[in-house]
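Residue-level structure breakdown
The chain contents come next:
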Amino acid sequence: MAADSMEIDDSLYSRQRYVLGDTAMQKMAQSSVFLSGMGGLGIEIAKNIVLAGVKTVTLHDTKQCEVWDLGINFFIRQDDVFNQRTRVEAVFPRIVELNPYVHVEKSSSTLDDNTDLSFLRKYQCVILTEASLNLQKRVNEFCHSQEPPVRFISCSAHGICVRVFCDFGDDFEVSDPTGEEPKEIFIQSITQGSPGVVTCMDNRPHGLQNGQSVLFREVNGMQELNGSTRPVTVLSPHSFSIEDTSHLRPYAHGGFFALVKTPMTFSFETMEKQLWGPQVLTPDFSKPEAPLQIHAAMLALDTFQEHESQYGLNLPRSPTARCAPSSYCGTLPVNPSSQAPVNAELVRCLSRTARGALPPLAAAVGGLASQEALKALTGKFSPLQQWFYLDAIELFRPLQSLPVEEFSSRGDRYDGLRACIGESMCLELHKLRVFMVGCGAIGCEMLKNFAMLGVGLAKCSGEVFITDPDLIEKSNLNRQFLFRPYHIQKPKSSTAAAATLEINPELQVDAHLHKVCPATEGTYSDAFYSRLHLVVTALDNVEARRYVDSRSVSNQKALLDSGTMGTKGHTEIIVPNLTESYNSHRDPPEEEIPFCTLKSFPAVIEHTIQWARDKFESGFTQKPSTYNLFWQTHSSVEAVLQRMQSRESLEGAFQVIKLLSKRPSQWEHCIILNGPGNLDLKYTNLYVAQSRPTSYFMPHLIRHTWLLSCVSTAGLIHMTYQPLDCVCVSFQPIETDESAKKPDQQKLALSSEEEREAITQLEGAIAARHWLQVSPMQFEKDDDANGHMDFVASASALRARMYAIEAADRLKTKRIAGKIIPAIATSTAAVAGLVALELIKVVGGYGFESFKNCFFNLAIPVVVLTETAPVKRTHIRDNISFSIWDRWTIYGHDTFTLSDFISAVKEKYGIEPTMVVHGVKMLYVPVMPGHNKRLKLTMHKLIKPPSERRYVDLTVSFVAEADEDEDRPGPPIRYHLHHTD
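Here the structure is a predicted model, which is why all the values come from computation and not from measurement.

A word on the packing of aromatic side chains. Under the defined criterion, the tally for this structure stands at 30 aromatic pairs. On the basis of an interplanar angle of 85° and a centroid distance of 6.2 Å, the ring pair of Phe 435 and Tyr 529 is categorised as edge-to-face. Highlighted residues: Phe 435 in strand β18 (residues 433-437) and Tyr 529 in helix α15 (residues 526-530), separated in sequence by 94 residues. Ring-pair connections join several aromatic residues into one group, and the members of that group are Phe 435, Phe 465, Tyr 524, Phe 528 and Tyr 529. The cationic tip of Lys 47 hangs over the ring face of Phe 481; the distance from NZ or CZ to the ring centre is 5.2 Å. Positioned above the aromatic ring of Trp 68, the side-chain terminus of Arg 355 is 5.3 Å from the ring centre.

Tallied over the full model, the rule gives zero disulfides. For Cys 349, which is in no disulfide, the shortest distance to another cysteine sulfur is to Cys 161 and amounts to 8.4 Å. With a relative accessible area of 0%, Cys 349 lands in the buried category.

Bringing the environment of Thr 914 into the picture now. The topology assignment puts Thr 914 in strand β31 (residues 913-918). Thr 914 sits in the buried class, given a relative accessible area of 16%. A C-alpha to C-alpha distance of 7.8 Å links Thr 914 and Tyr 924, two positions 10 residues apart in sequence. Setting aside anything within four residues of it in sequence, one finds Thr 914 in contact with Tyr 924, Pro 926, Ser 957, Phe 958, Val 959 and Asp 967. A polar contact is formed between the side chain of Thr 914 and the side chain of Asp 967, at a distance of 2.7 Å.

Here we come to the sheet that holds strand β20 (residues 509-512). Pairing within the open sheet is mixed, and its eight strands lie in the order β20-β19-β18-β21-β22-β23-β26-β27. With one partner strand each, in any of the chains shown, β20 and β27 (862-867) form the two edges of the open sheet. Averaged over neighbouring strand pairs, the angle between their axes works out to 15° when direction is ignored. Each of β18, β19 (463-467), β21 (534-537) and β22 (558-565) touches helix α13 (residues 441-453); the most contacted strand, β18, lies at about 160° to it. Contacting β19 and β20, helix α14 (residues 492-503) crosses the sheet at an angle of about 165° to β20.

Analysis parameters
Residues numbered from 1 in each chain as written. Predicted model: local features only at pLDDT ≥ 70, side-chain atom pairs only at ≥ 80, totals over all residues. Heavy atoms only, no water. Phe/Tyr/Trp six-rings, centres within 6.5 Å; stacked < 30°, edge-to-face > 60°. Helix = DSSP H or I, 4+ residues; strand = E, 2+ residues; numbered from the N terminus. Lys NZ or Arg CZ within 6 Å of the ring centre and 35° of its normal. Disulfide = S-S within 2.5 Å. Buried < 20%, exposed > 50% of the residue type's maximum accessible area, 1.4 Å probe, protein only. Contact = heavy atoms within 4.5 Å. Polar contact = N/O pair within 3.5 Å; in protein donor to acceptor, adjacent residues only side chain to side chain. Pairing = 2+ DSSP bridges. Axes fitted to C-alpha atoms, helices over the stretch in contact; angles between N-to-C directions.

The following block contains the structure:
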């Protein structure tokens, strides 16, 4: 994004533009940030705000690289430690290459209580990490006193506790508090009265609040409302009043309303004042007092550090050294009315780990702090007021009884981590064998966390398996920080693996290019899963998650799932025999637009965009694919002609011959073909409204759009239906879209002029000895040069105007047509950090109450940590029950019959199956004719397994209780075909 021209590089920032909007992006491109401290938190914040695209970032740090830093800063290398570089010198070139549009500067100047702070006036936001409390207060006072205020953020991380503080001045205006796109709600009725009452169509909830305002559009009858903004008073979830409508014309029909966003002003206090009465965000409602308790404990630690620094001492790294912030808790300046009781356990855990570092915790809070910085620069989204605290006490609590030597320094990159979780847990992480599916934004962040934690070290026989079939695109570079411009069009998985090894060469990473789906079960077999300790998903679609979840449950492996959408994120921890799985709950299905609405009754812009998208698929993907498949099946043109002359009709022949007869031979023909009736595309006449009276002739305002549509359509026709001179009309097989339907041969009567015309056209094509080369297109939204989005945008805009619908701009059209998920680096960093924290608990074998799922929305901001859903047991009868994690096992042999199988289940588990199913094949259902005879057949004969197959999973049902009619399902039964298995 060039700050001079304010042009936004959509090929890089497209996903982020849908989160922040162009206005916020342009404000960032004119903003400068000062960031002090290149530790774990500082480097996370630097990465995120540089990826976001600010104008200038000044990185400040005075410390020299140590071995310790290799475990907390992913941009410091062993060579930096060996050559005694400063931390800011080491990270500077690696931060610079994250974003060519951001100017990065570095500074090693002293910043302390005696520094002249006037140099900070040139920045719009100042962020301090690893700073003393006195320095934080001093810098904050300076920033708050400026006009306009310099936005101030401070972050601190000590062991298992982290905090963020924000002060954006006395009057900080926010243009869009939530970032949610206002929904257009259709109107059922509007009464004439004082006040008038608006009722939503189909009792759809409006989601409004008293005092908000709505904008009306396309109302028939009471047309005075159109384009007007009215304040609302909520009457019910699906109705509200809008003041006096008695003087307006009666409401007839139609129309919709949308919420009008209004700016909000937030007021902040300085840190000095907030120390007495802290305003905190509560992330975990199971312990609502925790934020204030951590506030007191961390201030006690600050006081302890200030006291020790007077004597030239620093916070000790050895857990046996003197570190007693608990003695300071009783003298802290906290408002007595808001002070929570001192949590002795929290203070003890903080004291034990204070000099350590948890990289995942820094990643999670670094994501939140980075988003606050972007809010400070743009005025987009509601800011944090004013403190955020997060702890990982559940992680350290079971480790308190370990000997102090477990946490002692060993002079390697894992000393910071070891101070928090101990040597034994570090070794378990090193030995871990983990499978991660997906190497996109979350995948890159997870690999960074693996490298920091030492997950899967070669020397400990650990390994990280990763897979992703995708190639790197330019739009990925805005969030997937392991990739650079010179990686574009290279595989994500292997590139990410190489970048991870640069962070930590001790890892062993095995990169694959496969999808994880039923077709690759030969690669990702049960034997593959048996070698793993856990599975991590970094996917962007639900169906893939469901499949990986089913495989994880089947193989009794923990699964760590996460996802983001814009500023929102979630994590879900799935642990064998403790929690429900991903498939245990289902989101409501995505609403589909009815075909009749798309074809004849579009009402909102989404309808016209989907219509244009469907036209692209029909004209440039489906029909060309059908054409190629037809000639792949019928390789001889003469044979097709003879069969048609003999009154044999071939499915698809008429459409294929029509395409052939109208083949373009030059560019002018492509223009002509872009008209009513040609190529069966019929684009132009389909813009005309069918449900509302309108003129076919286009007014001056839309001639440009119509011209763009004609040009883009002609270009696509030229690229798709290219002429090709041929000496021989014999056809070679063509690579085709296998998803298209293959034409079947049918015997139909020749009964119309259409058939005779098709024969004549085919004869003409053969005589002319010209053929048609067809290249089906796959819709690609991110390549502006291919004309795909030109076609969809212009076609949608034309149809929208014909139906009196407000047209969408190209950016919105691209998001809807391409089904783009808004994304930003801050959210992906946060979810990956939270998942990595839970990974440590899974490796440690922690109990159910220790695990936390999370949902957050950094825009509001809200962070909610909750317990995982406990696994449910299904009762069959008597004392027999099972959960999703249970799997019964029966061992058979070559002569093992179905009757033997049923008897074995009854003998081993105390209940007799009444139905046995293998996949979709019913092996035994007593009520089915002939099934009782199957009892004497061998299981091999019934199942017919491949020779290499060792076992099959069977679905069974059992007799229900006496008062129930239906049988009860049971757990899957793994039947081993040979007893030796």
